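Notes for the structure review
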Amino acid sequence: MSSGTVSRRLRDLREDFDQSFAEPARSHDEEHLELLTIRAGGRPYAIRLSQTSGVHPDRPVTQLPGPQPALLGLAGFAGAVVPVYDLAALLGHPVDEVPRWLVLAAGTPQLGLAFHELDGHVRAATSDIIRESGDEAGDGRRGSLRGLVDLPGGSRPIIDIPATRAMVHALAGHTQATDEGNAP
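Figured I'd write up the structure that's included with this text. (Residues numbered from 1 in each chain as written. Predicted model: local features only at pLDDT ≥ 70, side-chain atom pairs only at ≥ 80, totals over all residues. Heavy atoms only, no water.)

**Examining the pattern of salt bridges**
- For the structure shown, the criterion picks out 5 salt bridges.
- Between Arg156 and Asp119 there is a salt bridge; the shortest N-O distance is 2.9 Å. Taken together, the residues Arg156 in strand β12 (residues 154–159) and Asp119 in strand β9 (residues 117–125) connect sequence positions 37 residues apart.
- Put simply, Arg39, Asp119 and Arg156 are held in one network by salt bridges that share partners. (Salt bridge = Lys/Arg side-chain N within 4 Å of Asp/Glu carboxyl O. Helix = DSSP H or I, 4+ residues; strand = E, 2+ residues; numbered from the N terminus.)

The following block contains the structure:
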């Protein structure tokens, strides 16, 4: 590669870099949802990416004894100790194996939700939301589901993280004090 080619390439890279700051920042697209597609207890679900602060595979969780079978234990994240719950158990599914994946819920108090498989990341049109729903089963467990999203391969219930956090606090006998509301 000649020095002239390298110089042109460097100039082009600098111009592209500078141009990226001249363009307006991308605004949140309200016509689309960014979703994580997962499986918990062998069933497909979706989680709004905006309600999470991280996804981690094979994170060590220190088990805790206690009366709540959904509580897997505690995990450390950036110096903080976070309770980790089995999402399949919270949703009322039998739990046959230890979940591999862990999603950190955005907001406070901190919460980790473990699930079995990460299918991927999708961007879905808000028009693909089939319906919004609350506690369809009437037992509180399904109260963490908010709607269905129609995706290739079938519809998936959407897990609402703030509602799941409220359910965990109710199971633990605590009142909930958070810095967030139930986000759409």
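**Concerning the sheet that holds strand β7 (residues 101–105)**
- Judged by pairing direction, the sheet is mixed, and its 6 strands sit side by side in the order β3-β7-β8-β6-β5-β4 without closing on themselves. Two strands close off the open sheet at either side, each with one partner strand: β3 (52–57) and β4 (62–63).
- Pairing of strand β5 (residues 71–77) with strand β6 (residues 80–86), which is carried by 6 bridges, proceeds in the antiparallel orientation. Residue pairing across strands places Leu74 opposite Pro83, the latter belonging to β6. (Pairing = 2+ DSSP bridges.)

**Observations regarding the nonpolar core**
- Membership of the largest hydrophobic core comes to 22 residues, with the highest contact counts inside it found for Ile38, Ile47, Leu87, Leu113 and Ile159.
- Within the residue set of this core, elements represented by two or more residues are β1 (32–40), β2 (43–48), α2 (87–90), β7, β8 (112–115) and α3 (161–172). (Core = buried A, V, L, I, M, F, W, Y, C linked by side-chain atoms within 4.5 Å. Buried < 20%, exposed > 50% of the residue type's maximum accessible area, 1.4 Å probe, protein only.)

**Regarding the environment of Gln68**
- Residue position: Gln68 is located in the loop between β4 and β5.
- Judged by relative accessible area, which is 23%, Gln68 ranks as partly exposed.
- A sequence separation of 100 residues divides Gln68 from Val168, and the C-alpha atoms of the two residues are 9.9 Å apart.
- Setting aside residues no more than four positions away along its own chain, Gln68 makes contact with Tyr85 and Leu171. (Contact = heavy atoms within 4.5 Å.)

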